[in-house]
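# A structural walkthrough
Given next are the chains, with one letter for each unit.
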Number of protein chains: 2
Amino acid sequence: MATIVQKYGGTSVADAEKIKNVAGRIASACHGGDRVVAVVSAMGDTTDRLIELAGEVSSTPESRELDALLSTGEQMSCTLVAMALKSLGLDAVSLSGAQAGIRTDSRYGKARIAAVEAGRIQGELEGGRVVVVAGFQGITEDMDVTTLGRGASDLSAVAIAAAIGADRCEVYTDVEGIYTADPRHVPNARKLKEVGYEEMLEMASLGAKMQPRSIELAMQYHVPIMVASSFVDAPGTLIHKGADMEPRVGEIRNRARAVATDRNVAKITVTGMVDRPGISASLLEPLTDADISVDIVVQNASVRDTTDLAFTVSGDDADRAFEVVRTVAYLIGANDVIRTDNLAKVSVVGAAMQNTPGYASRMFRALADEGINIEMITTSEIRITCVVDADRVSQAARALHMTFGLEKPD
Amino acid sequence: MATIVQKYGGTSVADAEKIKNVAGRIASACHGGDRVVAVVSAMGDTTDRLIELAGEVSSTPESRELDALLSTGEQMSCTLVAMALKSLGLDAVSLSGAQAGIRTDSRYGKARIAAVEAGRIQGELEGGRVVVVAGFQGITEDMDVTTLGRGASDLSAVAIAAAIGADRCEVYTDVEGIYTADPRHVPNARKLKEVGYEEMLEMASLGAKMQPRSIELAMQYHVPIMVASSFVDAPGTLIHKGADMEPRVGEIRNRARAVATDRNVAKITVTGMVDRPGISASLLEPLTDADISVDIVVQNASVRDTTDLAFTVSGDDADRAFEVVRTVAYLIGANDVIRTDNLAKVSVVGAAMQNTPGYASRMFRALADEGINIEMITTSEIRITCVVDADRVSQAARALHMTFGLEKPD
C-alpha cells in the first residue's frame, strides 16, 4: 500500500464537472489500494477574480488581508473535492492550510514553509480517510493566514509528501508532462519519460510548468514527482534522482535533455565603473533590497581601471531595476546606464553537460547558422544559456532542438 | 469613548461600492471617537451560490464540508471591508471566526456558541485597530469550521458584544428598523423607536428581520441592539430592556406594539388517540429526534377516553413531519392523521398585554368582522396568535393594525 500525494491545479478543478472528474481519479487510486492526500488549487481563475475584487475595494490592498482573501479560493475547492469524494462513497475530509498544519513565516504573499505539523493528516489517513488539503496557504504562529506565492500549491504538495514520508507526489495539470521544448514553438518537441531534479529545476526556472521552490524541496527530501495531465490517461514525466545519474561506462548518451526559453528578459548595462573591490556588490545590493531578482550577471575585463557590468532581470522588473540602478550608478560615479528590452533566454539543459566537451560550441554554431546574435552567455553545471533577441527565440529553440536531436526517444 | 459592535448584512456588502460605503460608515463612528468591531455577512447571494455549487458536486453535501465551504463567504467579505478601511487611512484587521475566538460545538450547520475567547479582539482594539470579524461561523475544539445557522451573523455580533462588554450592538440591514407590521402588506405600518427584548423575540420568531437566538442572547447579557438601515441615514429601532418596563401608574399606554405574520405554516392533526399519560410526548419526541421544530400545540379535551392533538410546523418541514407522525400514530393506535397546508400565523405582540383584559377578544372580533376563520389560538405573556388561512393573512394583519391603532406614534 503506497501513500501518494496528488496535486490538482486550478484548470483541473475549474468547475463542478472537473471536480467530479478529479474525485474519480482519486477514487481510482484508492481502489487500487493507495492512501491518498490530494492538494488542490483554487478553481480556474478564482484567484485572479479575488485579486480583481480586492482592487475594486482598495488601490493598494494590504498583504495580510489579501492573503486571507486569496486563501478562500483553495478552501472552497478542497471542500468541494471532499464532497465529491463522499458522494462516490469514499470517506474524505477537507483541511485548510491551517488545519493541515502548514506552518509558515509571516512574509505575506510569499511565505516560506517553516514546518508541516502532519499529525492531523496522519490521523485522518490512519482513519481510512482521503485527505483533501487546500494548497498555496499556511498559517503563522499568530494564527494569521499566509499564501506561499503564485503556483505554490506544488510546494504545498511536496512539503506534505516530505512530511508524511509519501512514496511519491503526483502533480496533475493541463499538460501531459515535461517536454524537450515548448510544443507551441517547437512542433516536434517530445514528452520526457524522466528528468533529474536539477535538470527540472533549470527548466522550471525557465518556464516549464513546475514551481522551482517545489523542485528544490523535492530534491532535498528525495520526493519523486510525477507530472501528468488530469484530463488524459497517459504516462507523464517522472522527476527523480535516478535520472540525474551518470550513464554506464561505455554508454553513449545524449546529455542534452531539453531546450528551455524565457521570453521576458531585460538587460541593464552599467559602463565606466571604477574597478575596485566591492563595486559590483554596491551596485547589486540595492536591487536585492528592492526585492528584484537579478539573473545573469556579466562583468567585462577591466579596461583602463574602469569596468562594465551587465545583468538581466525579468521584463516585469525592468522599470524598477532601471530606476534603482540609475541612482546607484550616479552615486558610484559610473559613466552610463543602458537598458535593453525585448530580450529572451534560450537554454540547453542536461545533467553533467558541462563535463562533456562540445555542447557549448555546437550551441553557438547553431545560433550563428541561423543568423541569431548572442547578447550574453552564461553556463552552469547542467545548462548553457544565451540571451538573444526576443523575436528570434522560437527560431533559436527550433534550431537547438534539431541540433541536439531532442526529437529522438530517450 | 464607547465600544460598539456593528453588524452589516449581506445586502450591505453586496459589491465593492457597498463595501466602501460600509467602510465609510465605520470610519465615521471611529472619527466620532468610538472603538468599533464590525461583523459582516457574506456578500449578497454568495451563500446561495456556494450552496448551489455544492449541489452540483454532490446531491447530499456533507455538513462538515458544507460549513467549511460556506464560511469562505464571510471570510471574503471581512477581508475586503478591512482593505477598504485601510484605504481610508484607518488601521484595520480582519478575523475569521476561528481567529476571533468564536468557539462552538460541532453541530454543523447550526452550531451553538460555547464561548467567545475575545483576547485577540481585545488586543487588536487596544492596538487602535478596527476589527472586522467574519460572521456566521466559529470553530470547534478540533479546529473544524462550523456555521451557526442562517442569519446567524446577528448572533456572532451579539455574542462578541457580550464578550467584550460593548456599549451596544448596531445591526445594519436593508430595512430602516422594526415596524409595527410588515410594510409590504400593511401600508400604514410605522417604524418603532424602541421595542423590548421579549417583544422583539416574539416578532423575530414571526418573521421580523432579526435572528431570534441573537435576541435571546442580547436579553441574557443586557446588550442593547440598534437596528437600522445601512443605506439611509435615519434613526433605527432600539431593542433594549427599558422598553419592556411598565408604564407609570395612571399612564394609559397601548400595550399592543406590533402585528407579526408568518406565512409558511402547516398543521398536523392526530385524531382518536387513547388518552393516557405520556401520549403527547411519545408523539412529539420523534419529531424532536428528526430535528423538526413544533410550534403551536393544542390538545382537545378527552372524549370517550380518546383525544385529538394538533400542532403546527414550518411549511418546509411539513412533508417530513407528516411522515414521522404517520408512523408513530400507527404504532400508538391513533385513528387518523390529517394534514392542512397553506396556513399562516398572525400575532399581536406587546409586553404585558395578557395582564390587560380585552386584547384577545378585540383581536377575535376584528378577525370575525373580516369573515376570517380562526384555525388555532395560542397566547403567551406578550403575544396572542391566531392560525388562519394563508390567503387571508394580509387582510388579517391590516385589520388588526387598525383595530389596535398601531399607526399612531409611540
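Residues numbered from 1 in each chain as written. Chains lettered and ligands numbered in written order. Predicted model: local features only at pLDDT ≥ 70, side-chain atom pairs only at ≥ 80, totals over all residues. Heavy atoms only, no water.

Turning our eyes to something else, we now look at empty space enclosed by the protein. Scanning the entire structure with this criterion turns up 3 cavities of 30 Å³ or more. By volume, the largest cavity is sized at about 420 Å³. Around the largest cavity sit 33 residues that line it, and A:Gln75, A:Ser96, B:Gln75, B:Ser96 and B:Val145 are the ones nearest its centre. Counting residues per element, the lining of the largest cavity draws most heavily on helix 3 (residues 63–87) of chain B, which supplies 6 residues. Here the lining of the largest cavity is composed, by residue class, of 14 nonpolar, 17 polar and 2 charged. (1 Å grid on protein atoms, 1.4 Å probe; cavity = no way out; pocket = protein on both sides within 12 Å on 5 of 7 lines; lining within 4 Å. Points joined across faces, edges and corners; volume = space filled by probe spheres on them. Helix = DSSP H or I, 4+ residues; strand = E, 2+ residues; numbered from the N terminus. Nonpolar A, V, L, I, M, F, W, Y, C, P; charged D, E, K, R; others polar.)

The subject of this paragraph is the side chain of B:Ser394. All names here are of chain B. Among the structural elements, Ser394 can be located in helix 11 (residues 393–403). Residue Ser394 is classed as buried on the basis of its relative accessible area, which comes to 16%. Beyond its immediate stretch of four places on either side in the chain, Ser394 contacts His185 and Arg263. (Buried < 20%, exposed > 50% of the residue type's maximum accessible area, 1.4 Å probe, protein only. Contact = heavy atoms within 4.5 Å.)

Next up on the list: the interface of chain B and chain A. Of the residues lining the interface, 38 residues belong to chain B; the matching set on chain A comes to 38 residues. Of the roughly 3000 Å² buried at the junction of chain B and chain A (both faces included), carbon and sulfur atoms supply 64%. On the chain B side of the contact with chain A, B:Val57, B:Glu65 and B:Met83 bury the most area, a combined 22% of that side's loss. Our count for the contact surface shared by chain B and chain A stands at 4 salt bridges. We note a salt bridge from A:Asp144 to B:Arg120, for which the minimum N-O separation is 2.9 Å. Listing elements by their share of the side of chain B that touches chain A, those giving two or more residues are helix 1 (16–31), helix 2 (46–57), helix 3 and strand 3 (92–95) of chain B. (Buried area = accessible area lost by both parts, 1.4 Å probe. Salt bridge = Lys/Arg side-chain N within 4 Å of Asp/Glu carboxyl O.)

Moving on, we get to helix 11 of chain B. Residue and element names in this part refer to chain B. Within helix 11, burial applies to Val393, Ser394, Ala396, Ala397, Ala399, Leu400 and His401. Elements in contact with the buried residues of helix 11: strand 13 (258–274), strand 16 (336–349), helix 10 (359–369) and strand 18 (383–389). Once helix 11 finishes, Gly405 follows within two positions and takes phi at roughly 60°, a positive value.

Tallied over the full model, the rule gives 4 aromatic pairs over all chains. Here the aromatic rings of A:Tyr359 and A:Phe404 are separated by 5.6 Å at their centres, their planes lie at 15°, and the arrangement is stacked. Pair noted here: A:Tyr359 is in helix 10 (residues 359–369) and A:Phe404 is in the segment after helix 11 (393–403), with a separation of 45 residues, a long-range link. Note on accessibility: A:Tyr359 and A:Phe404 belong to one class, buried. Geometrically, the ring pair formed by B:Tyr8 and B:Tyr172 is stacked, given 5.1 Å between the ring centres and 15° between the ring planes. Note that B:Tyr8 is positioned in strand 1 (residues 3–8) and B:Tyr172 in strand 9 (residues 168–173), a separation of 164 residues in sequence. A relative accessible area of 0% means that B:Tyr8 is categorised as buried. (Phe/Tyr/Trp six-rings, centres within 6.5 Å; stacked < 30°, edge-to-face > 60°.)

For B:Ser58, the location among the structural elements is in the loop between helix 2 and helix 3. There is a polar contact of 3.2 Å between the side chain of B:Ser58 and the backbone nitrogen of B:Thr60. Excluding anything up to four places from it in sequence, B:Ser58 contacts A:Met83 and A:Ser87. (Polar contact = N/O pair within 3.5 Å; in protein donor to acceptor, adjacent residues only side chain to side chain.)

As a further point, take the sheet that holds strand 15 (residues 306–314) of chain A. Residues and elements named next belong to chain A. Within the open sheet, the 6 strands sit side by side as 14-15-13-16-18-17. Their pairing is antiparallel. The open sheet has two edge strands with one neighbour each: strand 14 (294–299) and strand 17 (376–380). Each strand axis lies, on average, 30° off the axis of its neighbour in the sheet, ignoring direction. For strand 16 (residues 336–349) and strand 18 (residues 383–389), the ladder comprises 7 bridges, and the chain directions are antiparallel. Within strand 18, the residue paired with Val346 across the bridge is Cys386. Together, strand 16, strand 17 and strand 18 form the strand contacts of helix 10, whose direction differs from that of strand 18 by roughly 20°. (Pairing = 2+ DSSP bridges. Axes fitted to C-alpha atoms, helices over the stretch in contact; angles between N-to-C directions.)

The side chains of a regular strand alternate between the sheet's two faces. Residues and elements named next belong to chain A. Of all 6 residues in strand 9 (residues 168–173), 5 are buried; the element is thus mostly enclosed. Looking at chain direction, strand 1 (residues 3–8) and strand 9 are connected through 5 bridges and run parallel. Following the sheet pairing, Ile4 is matched in strand 9 by Arg168.

Next up on the list: the environment of A:Val294. Residue and element names in this part refer to chain A. Residue placement: Val294 occurs in strand 14. The exposure class assigned to Val294 is partly exposed, which follows from its relative accessible area of 28%. Between the C-alpha atom of Val294 and that of Ala321, which follows or precedes it by 27 residues, the distance is 9.1 Å. Those residues in contact with Val294, other than ones at most four positions away along the chain, are Leu284, Leu287, Phe311, Thr312 and Val313.

In this section: the nonpolar core. Membership of the largest hydrophobic core comes to 81 residues, with the highest contact counts inside it found for A:Ile26, B:Val5, B:Ile121 and B:Ile160. B:Ile121 has contacts with B:Val37, B:Leu95, B:Ala100, B:Val131, B:Val133, B:Ile160 and B:Ile164, leaving out every residue within four places of it along the chain. One finds A:Val133, A:Met210, B:Ala82 and B:Ala92 within the second-largest nonpolar core, a separate group that totals 80 residues. (Core = buried A, V, L, I, M, F, W, Y, C linked by side-chain atoms within 4.5 Å.)

Turning our eyes to something else, we now look at the relation of the copies chain B and chain A. The operation relating the two chain copies consists of a rotation about an axis and a shift along that axis. The operation relating chain B to chain A is a screw motion whose rotation component is 179°, with 0.1 Å of axial translation and a residual RMSD of 0.3 Å. Seen this way, the second copy is the image of the first under a two-fold rotation axis. Within chain B, B:Thr72 has its C-alpha nearest the rotation axis, a separation of 2.8 Å. Comparing interface residues between copies, 100% of those in chain B also lie at the interface in chain A; the contact surface is shared. (Least-squares fit on C-alpha atoms with pLDDT ≥ 70 in both.)

Fair warning: the whole summary comes from geometry, so function is off the table for now.
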